[in-house]
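Fold and geometry: a report
What follows is each chain in one-letter form.
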Amino acid sequence: MRLSDKLMLIYKTLRNRFGFLNWWPADTPFEVVVGTILTQNVAWTNVEKSIYNLKNANLLSLEGILNAPPSEVKRCIAPSGYYNVKYRRLISLLSFLRDELKGNIKNIKKYGLRLAREKLLSVNGVGRETADSILLYAVGLSTFVIDAYTKRSFYRIGILKTADIDYDEVQKIFLDNLKRDIRLYNDYHAQIVELGKNFCRKKPVCPDCPLTRICKKLGVH
């Protein structure tokens, strides 16, 4: 079976199990941007609490966060953990948004995908996963987000030769073997996250995993 067919078989199997997941859960592109920083190294449920706090304090805006006393913003984002580090990263990213993009993340489209990614990666605290999440979910550019769930799951089912493969190498597998479809990239990553949270954990729950029945087709025995 061709790699492209394997990837689509995996996606369709997960989609049949979990349904369309409509990820990223946010009301605005700006909220996505904030969420990409807050979700670093923490479960999304914690981020939801932080977003709620920012909204409740009327701070969930560019001017709101940049102009608010640091202690107030830190109090709001505390549920996401590492609030001192995340505050600094958030201020760096939002300052970039204000100074380089006139306050609108969608203005980064003018640079094209490659240069837009480079510009985001130059911002303190923005790594590849964060940059790609912003570009895909907030901006609507065709890139694929890779995370720890992706590496672990796709190593176990034989798509990756090692779980330690470089981020860009894993991303290239998806970009080279899936059609360029933002909606597909969006939902595929969400399906992988759902798989990782519920089944392909550090200690896997294989008997109930939706991929168990297709492992032979994928070459996993």
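In short, a report on the structure.

Procedures and definitions
Residues numbered from 1 in each chain as written. Predicted model: local features only at pLDDT ≥ 70, side-chain atom pairs only at ≥ 80, totals over all residues. Heavy atoms only, no water. Axes fitted to C-alpha atoms, helices over the stretch in contact; angles between N-to-C directions. Helix = DSSP H or I, 4+ residues; strand = E, 2+ residues; numbered from the N terminus. Contact = heavy atoms within 4.5 Å. Nonpolar A, V, L, I, M, F, W, Y, C, P; charged D, E, K, R; others polar. Buried < 20%, exposed > 50% of the residue type's maximum accessible area, 1.4 Å probe, protein only. Core = buried A, V, L, I, M, F, W, Y, C linked by side-chain atoms within 4.5 Å. Polar contact = N/O pair within 3.5 Å; in protein donor to acceptor, adjacent residues only side chain to side chain. Salt bridge = Lys/Arg side-chain N within 4 Å of Asp/Glu carboxyl O. Arc of directions from axis to C-beta. Phe/Tyr/Trp six-rings, centres within 6.5 Å; stacked < 30°, edge-to-face > 60°.

1. Here's the deal with the packing of helix H8 (residues 128–139) against helix H10 (residues 167–177)
Interhelical geometry of H8 versus H10 gives an angle of 35° and a closest axis separation of 11 Å. Note on element contacts: H10 touches H8 through Tyr167, Asp168 and Gln171, opposite Arg128, Glu129 and Asp132. Within the contact of H8 with H10, the residues separate by chemical class into one nonpolar, one polar and four charged.

2. Let's talk about unusual backbone geometry
With omega at 20°, the peptide bond leading from tryptophan 23 into tryptophan 24 counts as cis. For tryptophan 24, the position within the fold is in the loop between helix H1 (3–18) and helix H2 (29–38). Even without being a glycine, lysine 102 presents a positive backbone phi close to 55°. Topologically, lysine 102 is positioned in the loop between helix H6 (83–101) and helix H7 (112–121). For lysine 102, a relative accessible area of 78% gives the class exposed.

3. A few points about the nonpolar core
One finds Ile10, Phe154, Phe174 and Tyr188 to be the most contacted residues of the largest nonpolar core, which totals 74 residues. If one sorts the elements of this core by residue count, H6 sits on top with eight residues. Not counting chain neighbours up to four residues away, the residues in contact with phenylalanine 154 comprise Leu7, Ile10, Ile159, Leu160, Phe174, Tyr188 and Ile192.

4. Focus on H10
Count 3.6 residues to each turn of an α-helix, and residues three or four apart come out pointing the same way. For H10, every residue scored as buried is listed here: Tyr167, Val170, Gln171, Ile173, Phe174 and Leu175. Looking at the buried positions of H10, the neighbouring elements they touch are H1, H7, H8, helix H9 (148–156) and helix H11 (182–198). Where H10 begins, one side-chain oxygen reaches toward the backbone nitrogen of aspartate 168, 3.0 Å away; that side chain belongs to aspartate 166.

5. Digging into the pattern of salt bridges
Taken as a whole, this structure holds 14 salt bridges when the rule is applied. Taken together, the shared-partner salt bridges in this structure form one network comprising Arg117, Arg128, Asp132, Asp166 and Asp168.

6. Overview of helix H5 (residues 70–77)
Those residues of H5 that sit buried are Val73, Cys76 and Ile77. The buried residues of H5 occupy an angular sector of 90° when the element is viewed end-on, so they sit on one face. Where H5 is buried, its residues touch H2, helix H3 (44–56), helix H4 (62–67) and H6.

7. Here we look at the environment of lysine 197
Mapped onto the fold, lysine 197 is located in helix H11. Taking the C-alpha atoms as reference points, lysine 197 and tyrosine 111, separated by 86 residues in sequence, lie 35 Å from one another.

8. Focus: the packing of aromatic side chains
All chains considered together, the criterion is met by twelve aromatic pairs. A centroid spacing of 5.2 Å and a plane angle of 70° characterise the contact between phenylalanine 154 and phenylalanine 174, whose relative ring orientation is edge-to-face. Here phenylalanine 154 is found in helix H9, whereas its partner phenylalanine 174 is found in helix H10, with 20 residues between them in sequence. Each member of the pair, phenylalanine 154 together with phenylalanine 174, is buried. With centroids separated by 6.4 Å and ring planes inclined at 45°, the aromatic side chains of phenylalanine 154 and tyrosine 188 adopt a geometry described as tilted.

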